[in-house]
Amino acid sequence: MYKLIIKINVVGKLGRVWIAYMPTQLVWDKRFFVVFGQNASRCSKQVASPKSHGGEKLIRCLVIGSACSHSHPLPYLEKKKVYFLARSISLLSSLSFPLALSSPTNHLYSLAAMSIFEYNGSALVAMVGKNCFAIASDRRLGVQLQTVATDFQRVFKIHDRLYIGLSGLATDAQTMYQKLVFRHKLYQLREERDMKPQTFASLVSALLYEKRFGPFFCQPVIAGLGDNDEPFICTMDCLGAKELAKDFVVSGTASESLYGACESMYKPDMEPEELFETISQALLSSVDRDCLSGWGGYVLLVYAALLTPTEVQEKILKGRMD
Amino acid sequence: MECVFGLVGKGFAIVAADTSAVNSILVHKSNEDKVMVLDSHKLLGASGEPGDRVQFTEYIQKNVHLYQFRNGIPLTTAATANFTRGELATALRKNPYSVNILLAGYDKGVGPSMYYIDYIATMHKIEKGAFGYGSYFCLSMMDRLYHPDMSIEEAIELIDKCIIEIRTRLVVAPPNFVIKIVDEDGAREYAWRESIKSPDVSMA
């Protein structure tokens, strides 16, 4: 349950019920009325009728405290502002999902209120081995609890020795990928070489932070081979806070399971075959515990062989298809 | 509620949509065509807010035509899908369109293809897909009965089974459906499945 302190403007009183008006900067909908107090549910019908508030159409009416019977008056109740605690999942979901959702056919406010990062479902993991790295993702594309496709691509190539996986909202992952490819191609034209993984991670971080107050809802996992074939992995949150790791990084709805699985299965300095096996097992066992990700896995292993150029192996895993 | 669904067969792609225009409890009309023919070899089935749907699909259609006029060759299905996705993505954080789209097309050399484009601009190439409350029934029917490279008869049989399922099991089932097909010979209307005929409007 979430607790939120919201400043509201009290606009009227019907008996012992207070009617308040949410400031428009906080929520996307312009008319968000809050009714609280004793017998609030009975009065909400009156609030909802256009006559009681100047004929404006009521979009949503949040009723708080309808079941409780406060006998004492709420403090600071005068004409101006009231501070109170609101426990409301629907309110929080409207705040955390700042897109206009007025169409009834979209039914985003389903029974299971999900965060925006869990809308499509994803699982990503990257691991470091001896002169090699592996990056793996699940293959499910869903719309909340409905599966739309089982062959969705989340790991993208930037250049031969650098890959990025994007978890979170699929549309933002696709948009981010297009922006990053654009920036990298410009870099290639100017510098006449590929970007180093560390530089690329800084680029991703900067791009994400540019949208600090309206972010892309995706968490990238970056894996690449740097100078001297040194593997590099890093992850960041949706605002660009980098987390460099020496062993493994995870992201997505199954991240908690992935942390546990990777921590127990990981060993430093693994050879490519063993690294491939480890990352596959970690991914499959974690997504089996997460209903929003799975439907197989995709593993990409890159290792710098001694005499030949960098070798890349891509494999599709068949796990529990549910 | 609005249902749009489609599948890809051997050398063709089919998009079917319901044809009722509804405003809360009132049915305005039962013969609203929601599958737009973009150009000679492309279909765009859309569902969502009525105003957004008509506005956005017409916008896409005119831009597709403009490309053909300017460049002399038509856009490929993949390019159209990416363009549509780009428009939805650009508008997403300003004034979002609430339109879900199934884009089907036939390209010489590539064959038929279908793209699922969500209202938040999630794009994916699919073989079978559905939007709306009908998707709960259609997707399961198609998972069970679809196989790659179906013939036209088999595909229409599957579409009909989906329509029957929607009519039987959905409480506010739309009565009429339109089925359109796109193949080598072009995009065209294939059939209507009507259970309630709209009365003919007498011309004064």
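Residues numbered from 1 in each chain as written. Chains lettered and ligands numbered in written order. Predicted model: local features only at pLDDT ≥ 70, side-chain atom pairs only at ≥ 80, totals over all residues. Heavy atoms only, no water.

An unreviewed UniProt entry annotates chain B as Proteasome subunit beta originating from Rhynchospora pubera.

Going by the annotation in an unreviewed UniProt entry, the name recorded for chain A is Proteasome subunit beta type, with Rhynchospora pubera given as the source organism. The Subcellular location (unreviewed entry) comment attached to chain A in UniProt states, word for word, "Nucleus". According to the UniProt record, the Function (unreviewed entry) comment for chain A is "Non-catalytic component of the proteasome, a multicatalytic proteinase complex which is characterized by its ability to cleave peptides with Arg, Phe, Tyr, Leu, and Glu adjacent to the leaving group at neutral or slightly basic pH. The proteasome has an ATP-dependent proteolytic activity." (UniProt positions renumbered as here; feature names shortened; annotations may be inferred.)

A. Quick peek at the overall build of chain A. Along chain A, the regular secondary structure elements total six helices and 17 strands. Within chain A, the proportion of its 322 residues that are buried is 50%. Intrachain contacts of chain A at a sequence separation of at least 6 include 61% that bridge at least 24 residues. For chain A, the accessible area works out to roughly 16,600 Å², and carbon and sulfur atoms hold 54% of it. (Helix = DSSP H or I, 4+ residues; strand = E, 2+ residues; numbered from the N terminus. Buried < 20%, exposed > 50% of the residue type's maximum accessible area, 1.4 Å probe, protein only. Contact = heavy atoms within 4.5 Å. Areas by Shrake-Rupley, 256 points an atom, 1.4 Å probe, with all protein chains shown as cover.)

B. Up close: the overall build of chain B. A tally of regular secondary structure across chain B gives four helices and twelve strands. Computed over C-alpha atoms, the radius of gyration of chain B comes to 16 Å, within 12% of the 17 Å expected from 2.2 N^0.38 for 204 residues, which places it in the range of a compact globule. In terms of principal-axis extent, the alpha carbons of chain B reach across some 45 × 40 × 40 Å. Among the 204 residues that make up chain B, the fraction classed as buried is 52%. (Rg over C-alpha atoms; globule rule 2.2 N^0.38 Å.)

C. Quick look at the interface of chain A and chain B. The interface is formed by 30 residues belonging to chain A together with 24 residues belonging to chain B. Of the roughly 2,200 Å² buried at the junction of chain A and chain B (both faces included), carbon and sulfur atoms supply 52%. Viewed at the interface, chain B and chain A are joined by one salt bridge. With a closest N to O distance of 3.0 Å, R93(B) and D172(A) form a salt bridge. Run the count over chain A and chain B and you get eleven residue pairs in polar contact (both at pLDDT 80 or more). For the side of chain A that touches chain B, the secondary-structure elements that each account for two or more residues are β8 (141–143), β9 (146–149) and α3 (170–191) of chain A. (Buried area = accessible area lost by both parts, 1.4 Å probe. Salt bridge = Lys/Arg side-chain N within 4 Å of Asp/Glu carboxyl O. Polar contact = N/O pair within 3.5 Å; in protein donor to acceptor, adjacent residues only side chain to side chain.)

D. The arrangement of the confidence of the model for chain B in detail. Of all residues in chain B, 97% attain a pLDDT of 70 or more, and the chain-wide mean is 93. Reported confidence for the predicted complex is 0.90 by ipTM and 0.76 by pTM. (pLDDT = per-residue confidence, 0-100.)

E. Looking closely at the pattern of salt bridges. Taken as a whole and judged by the stated rule, the model has 18 salt bridges over all chains. Measuring nitrogen to oxygen at the nearest pair gives 2.8 Å for the salt bridge that ties R154(A) to D138(A). In this pair, R154(A) sits in the loop between β9 and β10 (155–159) while D138(A) sits in strand β7 (residues 132–138), placing the two residues 16 residues apart along the sequence. Both residues of the pair, R154(A) and D138(A), belong to the buried class. Across the pair E157(B) and K161(B) runs a salt bridge whose closest N-O atoms are separated by 3.6 Å. Of this pair, E157(B) and K161(B) both sit in helix α4 (residues 152–169), separated by four residues, roughly a single helical turn. Using a relative accessible area of 46% as the deciding quantity, one classes E157(B) as partly exposed.

F. Looking closely at the nonpolar core. Grouped together as the largest cluster of nonpolar side chains are 54 residues, with contacts concentrated most on F5(B), I14(B), M142(B) and I159(B). Of all the elements, α4(B) adds the most residues to this core, at seven residues. Grouped together as the second largest cluster of nonpolar side chains are 42 residues, L124(A), L225(A), L283(A) and A304(A) included. (Core = buried A, V, L, I, M, F, W, Y, C linked by side-chain atoms within 4.5 Å.)

G. Looking closely at the packing of aromatic side chains. Residue and element names in this part refer to chain A. One pass over the structure, following the stated rule, counts eight aromatic pairs over all chains. Geometrically, the ring pair formed by F133 and Y163 is tilted, given 6.4 Å between the ring centres and 55° between the ring planes. Taken as a pair, F133 in strand β7 and Y163 in strand β11 (residues 162–168) lie far apart in primary sequence, 30 residues in all. Summarising the burial analysis for this pair, F133 and Y163 share the class buried. Its end group placed over the ring of F276, K315 keeps NZ or CZ at 4.8 Å from the ring centre. (Phe/Tyr/Trp six-rings, centres within 6.5 Å; stacked < 30°, edge-to-face > 60°. Lys NZ or Arg CZ within 6 Å of the ring centre and 35° of its normal.)

H. Up close: the environment of E273(A). Summarising the element assignment, E273(A) is placed in helix α6 (residues 272–287). For the pair formed by E273(A) and F156(A), sequence separation is 117 residues and the distance between their alpha carbons is 22 Å.

I. Just the packing of helix α5 (residues 255–265) of chain A against α6(A), in detail. All names here are of chain A. Two elements in contact, α5 and α6, have axes whose closest approach is 9 Å; the angle formed by their N-to-C orientations is 145°. α5 and α6 meet at a crossing whose hand is right-handed. Here α5 contributes S257, L258, A261, C262 and M265 to the contact with α6, which in turn contributes T278, Q281, A282, L283, S285 and S286. Of the residues assigned to the contact of α5 with α6, the class counts are six nonpolar, five polar and no charged. (Axes fitted to C-alpha atoms, helices over the stretch in contact; angles between N-to-C directions. Left-handed = near helix turned anticlockwise from the far one by under 90°. Nonpolar A, V, L, I, M, F, W, Y, C, P; charged D, E, K, R; others polar.)

J. How the structure looks around the sheet that holds β10(A). Residue and element names in this part refer to chain A. Ordered by their spatial adjacency, five strands build an open sheet running β10-β11-β12-β13-β14, and the pairing between neighbours is antiparallel. At either margin of the open sheet sits one strand with a lone partner, and together these are β10 and β14 (242–245). The average undirected angle you get between the axes of adjacent strands in this sheet is 20°. Direction of pairing for strand β12 (residues 218–225) relative to strand β13 (residues 231–236): antiparallel, over a ladder of five bridges. Bridge pairing links G224 to F232 in β13. On top of the sheet, helix α4 (residues 197–210) reaches β10, β11, β12, β13 and β14; it is set at about 10° to β13, its chief contact. (Pairing = 2+ DSSP bridges.)

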